[in-house]
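Each chain, written out:
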Amino acid sequence: MQQQQTAFRRAEKKHKARRGLPNLADVIDVSTIDASDGAAVRQLSLTRDMCQPSALPFQTFCQDRPPAYTLRDHPGLIVIPNPFTAEAQRWLARKCLCDCTRPPNRTNLDPFFDLPSQSLFALASLPSNNRLANTSMREESQHLVASRVQSDSIDAGISRPKGRIYTQSAPAADLLEHLRWCTLGQQYNWTTKEYDLGTSAFDRELNALMHSIAEAISDPAYAACDGSEDWPRINSYDGSEFVSQAGIINYYDDRASMAGHVDKTEESMDAPLISLSVGLSCIYLIGGPTRDTEPTPLLLRSGDVLAMCGDSRLAFHGVPRVLPDTAPEYLTQPNAGDADDVAARYPEWHNFAVYLGTHRINCNARKCSQK
Ligand SMILES: O=C(O)CCC(=O)C(=O)O
Ligand SMILES: [Fe+2]
């Protein structure tokens with residue numbers, strides 16, 4: 001007998017369908033919605049400022065209290081449409097592509113290749129065609145990639161070792177196209193589904209950024225639209241306690257997806273999971289405690305902040321579709337109408353621009369321990 005498809009699976013299939021252009025008719029775009037009509041989306045008033053992280057030497061946020069939104073059917077979910085300066089997004093892209101992919105953080109390619117200490121992205125950006133020797137004889141580490149494929153939590157589409165690239169030496173630029181994930185701080189072990197204790201510290205600057213966001217979303221209030229203030233509290237977690245202990249950076253090309261899953265390994269479920277995106281837009285599905293809850297499709301754009309707080313911290317979610325040709329111009333053509341001196345700060349920006357024009361990067365942070 002054929003098993004009944006869950007509501008989450010049906011939504012994934014619908015939004016994944018590749019025939020024609022993606023149909024965004026029922027996809028919620030909080031940055032254009034009129035939240036005062038009130039049905040599914042509510043505007044929030046942040047009660048605290050987005051404070052400039054002192055660790056970052058550039059203006060990070062465009063305003064102190066950017067607009068923020070929550071969804072009626074997903075209590076605890078907070079979306080802040082791109083609160084960042086263009087400079088902050090460029091910094092984040094560089095952080096995710098260069099700084100964070102280096103050991104001791106791990107990537108999906110590690111079992112197969114000795115990645116260069118200056119980062120795969122940097123090597124791939126050099127004009128010479130650098131090849132990386134394959135080390136796939138290291139049998140003990142083969143399971144690392146295979147296990148994420150088998151795991152219920154991650155779609156094979158984003159992590160499957162495809163083709164011969166995993167058994168041969170390969171040019172760095174080709175390998176960059178196979179970079180799927182990188183784990184930050186306490187390293188997640190896809191086989192045991194636990195964190196390897198005692199692994200590396202979380203990037204200090206990225207933690208500072210996540211901390212500022214955690215503080216700003218502490219106990220946000222609803223904007224009084226229609227007087228019905230009876231939704232559950234959204235985020236009672238005190239953001240000043242938030243420390244990023246672990247995280248994942250996901251790298252999507254425009255055909256990649258991530259299957260529905262719940263992030264439930266962390267001990268500390270009252271702390272929010274904070275997630276930042278840069279590059280292409282995507283359709284993000286936020287569901288409920290089981291796959292039977294009808295998920296809501298959301299459009300996430302470059303720079304958008306999503307925080308899973310309260311009940312939504314344990315909700316099913318996934319990314320069925322990345323939308324081609326949707327990266328903002330200030331990333332892909334940084335000189336177009338942009339006053340800040342990108343060329344001086346990022347002389348090699350051209351390579352980032354090409355990558356961000358064809359990929360989505362998602363970087364998320366979690367607090368693992370109760371303490
Ligand atoms: O790419 C995203 O927005 C979601 C990533 C995610 O859910 C995860 O890494 O657990
Ligand atoms: Fe997740």
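Residues numbered from 1 in each chain as written. Chains lettered and ligands numbered in written order. Predicted model: local features only at pLDDT ≥ 70, side-chain atom pairs only at ≥ 80, totals over all residues. Heavy atoms only, no water.

K.L.:
Talk me through the side chain of Arg313; I want residue IDs and the actual numbers.
P.N.:
The topology assignment puts Arg313 in the loop between strand E16 (305–308) and strand E17 (317–323). Apart from the residues within four sequence positions on either side, Arg313 is in contact with Asp263, Glu266, Met269, Ala271, Pro272, Leu273, Met308 and Arg366. (Helix = DSSP H or I, 4+ residues; strand = E, 2+ residues; numbered from the N terminus. Contact = heavy atoms within 4.5 Å.)

K.L.:
Please provide a residue-by-residue account of the site of ligand 1, values included.
P.N.:
Around ligand 1 sit Asn250, Tyr252, Met258, His261, Asp263, Tyr284, His317, Val319, Arg360, Asn362, Asn364 and Arg366, and those are all the residues in its vicinity. The contact in question runs from an oxygen atom of ligand 1 to an N or O atom on the side chain of Arg360, over 2.8 Å. Protein coverage of the free-state accessible area of ligand 1, which is 290 Å², stands at 97%. Sorting the residues of the shell around ligand 1 by element identifies strand E11 (246–253), strand E12 (258–261), E17 and strand E18 (359–366) as the ones contributing at least two each. Here the shell around ligand 1 gets 4 residues from one element, more than from any other, and that element is E18. Residue composition of the shell around ligand 1, grouped by class: 4 nonpolar, 5 polar and 3 charged. (Near = heavy atom within 4 Å. Polar contact = N/O pair within 3.5 Å; in protein donor to acceptor, adjacent residues only side chain to side chain. Areas by Shrake-Rupley, 256 points an atom, 1.4 Å probe, with all protein chains shown as cover. Nonpolar A, V, L, I, M, F, W, Y, C, P; charged D, E, K, R; others polar.)

K.L.:
So what's going on with the coordination of the iron ion (ligand 2)? Residues and values would help.
P.N.:
The protein atoms that coordinate the iron ion (ligand 2) are His261 (NE2), Asp263 (OD) and His317 (NE2), at distances spanning 2.0 to 2.2 Å. When the donor residues of the iron ion (ligand 2) are listed from N- to C-terminus, their spacing reads H-x1-D-x53-H. The class of Asp263 is buried, set by a relative accessible area of 11%. (Donors = N, O, S within 2.8 Å, 3.2 Å for Na, K, Ca; no water. Buried < 20%, exposed > 50% of the residue type's maximum accessible area, 1.4 Å probe, protein only.)

K.L.:
With reference to specific residues and values, describe the UniProt feature "binding site: Fe cation" (unreviewed entry) in the protein chain.
P.N.:
The positions UniProt marks with the feature "binding site: Fe cation" (unreviewed entry) are His261, Asp263 and His317. Spanning 57 residues, the named residues form one tight spatial group whose C-alpha atoms are at most 9.0 Å apart. By secondary structure assignment, the location of Asp263 is in the loop between E12 and strand E13 (273–279). Contacts of Asp263, omitting those with residues within four sequence positions, involve Met269, Leu273, Arg313, Leu314, His317 and Arg366. Relative to the helices and strands, His317 resides in strand E17. Relative accessible area serves as the criterion here: at 6%, His317 is assigned to the buried category. In contact with His317, other than residues within four places in its own chain, are Phe8, Ala259, Gly260, His261, Val262, Asp263, Tyr284, Leu285, Ile286 and Met308. (UniProt positions renumbered as here; feature names shortened; annotations may be inferred.)

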